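This is what each chain is made of:
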Amino acid sequence: MTSDLDTDSRQYAAKVAACRFNALESQAVFKLMLEALSRPGLIEQFPLEIQHRLPCVLAPVIVLADVETRIHIAQTSQFNWESALISATGARPSVISTADLIAIPLEAAELISQVLESAPRGTALAPEHGARVIIGVRRISSHEAEPAIKESSHGLKLRLSGPGVKDERIVWVDGISLQDFQTLQRSNAHFPSGIDVWMTTDNGQILGLPRSTHIVVEEHSSKQEAH
Amino acid sequence: MDRNRRTELLAASQSQEVRQLAETFLSERAIAEELHVICPPEIGMIMMQVREPVCRERFHLGEVVVTRAEVAIAGFRGWAVRAGSDRETALAAALLDACAEYDSKMANQVTELCDLTAQRIAADERSEWQELLATAVAFEELD
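I will try to describe carefully the structure that is included in this document. (Residues numbered from 1 in each chain as written. Chains lettered and ligands numbered in written order. Predicted model: local features only at pLDDT ≥ 70, side-chain atom pairs only at ≥ 80, totals over all residues. Heavy atoms only, no water.)

### Here's the deal with the overall build of chain A
Of the regular secondary structure elements, chain A holds 8 helices and 12 strands. Across chain A, contacts joining residues at least 24 apart in sequence account for 64% of those joining residues at least 6 apart. (Helix = DSSP H or I, 4+ residues; strand = E, 2+ residues; numbered from the N terminus. Contact = heavy atoms within 4.5 Å.)

Written as C-alpha cells, this is what we have:
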C-alpha cells in the first residue's frame, strides 16, 4: 500500500526531475533569455518540451541558478516549486531583499509590486548585484489587434524604446498592473543599478525588459511613463 | 545533533563507515521500499571559501570537486555533499541523513557515527597543532 508520505516523495521526485535540464535544454533557454534581453519587445518562444514539463516562469531560474546563487520563488498554496528547484539546482533559498533570482508566477501576481520594491538593485559600481526577476503574466502580444488582450480590462500597452530597440516597439501585456510598472520605474530610476525583468506566459512566450529600456505604459485611455 | 552539524560530519566521515551503515539500514524492508532518489549523485565543482585568521575575511581558495545527492524516505528528505567523486558514498550519506529524520533509533546510530568522526577530526587537529607548535613565534611589542 502506498502511504501519503510515499506519494508525496514520488510527486516531489517528479517535480525535481522536471526541474533538471540537460545541457542542450539549458543552452536553448539561456539563448532565448539573451535574445529577449538584447531585443526588448521581441517575443521569443520556449521549446515545447520545456512548456509541457513545468511552468515557464521557472525555466530562466533553473538555467541561471547554481550552488552560489540565492533564489526566491513567490509561493502560493497552488504553486510550491521552490523546494524542488533548490533540490534540482543546489541554489540557496533567500528572502527577496538578498535574492539574485526571483520568480513570481501568475498565481502570485499581487506580490509583484512588493517584490520589485524590495529586490536588490545593485549599485553604480556593482550593477551586476541587481536582481533578475521573472514574472508570469497571462498574455503577451506584439499585435495591437489581439482581441483577447484588447478586450481584457487588465491589458496594458507598452511603448518600448532604448538600447536594442530601433525607434519604438509596442507590446501588449495582460496580467500585470500599472502600479507594478510604476514600482519597476522607481527601482530602475538610477541606471546602471536596477532590476532586469523577463515576462513569461504559460504558453511559452518570453519577453525581456532590461533595466535600460524606456517604457511608456498606456492603460485604456491613459498614458503613463514607466521609466 | 542539528542537521547542519550532521551533514558536515557525514561529509567528513570515512567512506567505508558511511557505506556500511547505509547498507545496514537498507537491509530493512521498510527503508528499501520507501526510498526515493530525488537527485541521483552528481559530480560538480564548487568554489571553496576560506576565512583567513587575521582580519577574519573570507576569500575564494579555489574550486573543488564534490558529489551531491538527495533522497527521500516516506517523505523525509536527506541530502549530502562530499568532496571527491565517490557517487556511492554521497548517496549513502544522503540516505543516512534521511534515515536520521525518519526514525529516532536510526538517528542515534547516525549520531554515533558523527560523534566518532568529530572525535577523529579533533584528534587530527590536535596532532597537527602539536607539529606546528614547535614553529610558533612569540612577538614582543616595543613600548
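### Considerations on the packing of helix α1 (residues 3-12) of chain B against helix α4 (residues 87-102) of chain B
Residue and element names in this part refer to chain B. One can describe the packing of α1 onto α4 by two numbers: an axis separation of 10 Å at closest approach and a directional angle of 150°. Classified by the angle their axes make, α1 and α4 are roughly antiparallel. Between α1 and α4 lies a crossing whose hand is right-handed. Contacts between α1 and α4 involve Arg3, Arg6, Thr7 and Leu10 from the first element and Ala93, Leu96, Asp97, Ala100 and Glu101 from the second. For the contact of α1 with α4, a count of residues per class yields 4 nonpolar, 1 polar and 4 charged. (Axes fitted to C-alpha atoms, helices over the stretch in contact; angles between N-to-C directions. Parallel < 35°, antiparallel > 145°, perpendicular 65-115°, else oblique. Left-handed = near helix turned anticlockwise from the far one by under 90°. Nonpolar A, V, L, I, M, F, W, Y, C, P; charged D, E, K, R; others polar.)

### Digging into helix α5 (residues 82-89) of chain A
All names here are of chain A. In terms of burial, α5 is largely enclosed, as 7 of its 8 residues are buried. Of the residues making up α5, those classed as buried are Glu82, Ala84, Leu85, Ile86, Ser87, Ala88 and Thr89. Taken from the residues just after α5, glycine 90 is the one with a positive phi, measuring 80°. (Buried < 20%, exposed > 50% of the residue type's maximum accessible area, 1.4 Å probe, protein only.)

### Section: the packing of aromatic side chains
As enumerated under the stated definition, the model contains 1 aromatic pair over all chains in all. Its guanidinium or amino end placed over the ring of A:Trp81, A:Lys15 lies 5.0 Å from that ring's centre, counting from NZ or CZ. Of note, B:Arg77 hangs over the ring of A:Tyr12, and the distance from its end group to the ring centre comes to 3.8 Å. (Phe/Tyr/Trp six-rings, centres within 6.5 Å; stacked < 30°, edge-to-face > 60°. Lys NZ or Arg CZ within 6 Å of the ring centre and 35° of its normal.)

### A short note on the pattern of salt bridges
Residue and element names in this part refer to chain A. As enumerated under the stated definition, the model contains 22 salt bridges over all chains in all. Where arginine 53 meets glutamate 25, a salt bridge forms, and the shortest distance between an N and an O atom there is 2.4 Å. Here glutamate 25 lies in helix α2 (residues 23-38) and arginine 53 lies in helix α3 (residues 48-53), a separation of 28 residues in the sequence. For arginine 53, a relative accessible area of 27% corresponds to the partly exposed category. Taking the relative accessible area as the measure of exposure, glutamate 25 reaches 13% and is therefore buried. Measuring nitrogen to oxygen at the nearest pair gives 3.5 Å for the salt bridge that ties aspartate 100 to arginine 70. Highlighted residues: aspartate 100 in the loop between β3 (92-93) and β4 (101-104) and arginine 70 in strand β2 (residues 70-73), separated in sequence by 30 residues. For arginine 70, a relative accessible area of 33% corresponds to the partly exposed category. (Salt bridge = Lys/Arg side-chain N within 4 Å of Asp/Glu carboxyl O.)

### Observations regarding a positive patch on the surface
A surface patch of positive charge is lined by A:Arg92, B:Arg51, B:Arg56 and B:Arg58. Inspection of the secondary structure puts A:Arg92 in strand β3. (Patch = residues over 30% accessible without salt bridge, like charges linked within 9 Å, V, L, I, M, F, W, Y side chains within 5 Å. Areas by Shrake-Rupley, 256 points an atom, 1.4 Å probe, with all protein chains shown as cover. Lys, Arg positive; Asp, Glu negative; His and termini not counted. Charge placed at Lys NZ, Arg CZ, Asp CG, Glu CD.)

### Details of helix α5 (residues 104-133) of chain B
Residues and elements named next belong to chain B. Relative to the 44 Å expected for 30 residues at 1.5 Å per residue, α5 spans 42 Å between its end C-alpha atoms, a close match to the ideal helical length. For α5, the complete set of buried residues consists of Met106, Ala107, Val110, Leu113, Cys114 and Thr117. Looking at the buried residues of α5, the elements they touch are α1, α2 (15-26), α3 (29-34) and α4. Sitting at the head of α5, aspartate 103 places a side-chain oxygen 3.1 Å from the backbone nitrogen of lysine 105. (Expected span 1.5 Å × (residues − 1). Polar contact = N/O pair within 3.5 Å; in protein donor to acceptor, adjacent residues only side chain to side chain.)

### Thoughts on the sheet that holds strand β2 (residues 58-73) of chain B
Reading across the sheet, the 3 strands line up as β1-β2-β3 (chain B) and stay open at both edges, with antiparallel pairing between neighbours. Edge positions in the sheet fall to β1 (35-51) and β3 (76-83) of chain B, since each of these pairs with one other strand and no more. Strand-to-strand twist in this sheet, taken as the mean axis angle between neighbours without regard to direction, amounts to 25°. Pairing of β2(B) with β3(B) involves 8 bridges; the strand directions are antiparallel. Counted as the bridge partner of B:Ala72 is B:Arg77 from β3(B). Sheet strands touched by α5(A): β1, β2 and β3 of chain B. Its angle to β2(B), the strand with the most contacts, is close to 120°. (Pairing = 2+ DSSP bridges.)

### A look at the sheet that holds strand β1 (residues 44-45) of chain A
Residue and element names in this part refer to chain A. Pairing within the open sheet is mixed, and its 7 strands lie in the order β1-β10-β9-β5-β4-β2-β3. The outermost strands of the open sheet, each flanked by one partner alone, are β1 and β3. Together, β1, β9 (196-200) and β10 (205-209) form the strand contacts of α2, whose direction differs from that of β10 by roughly 45°.

In short, shape yes, function no, at least from these values alone.
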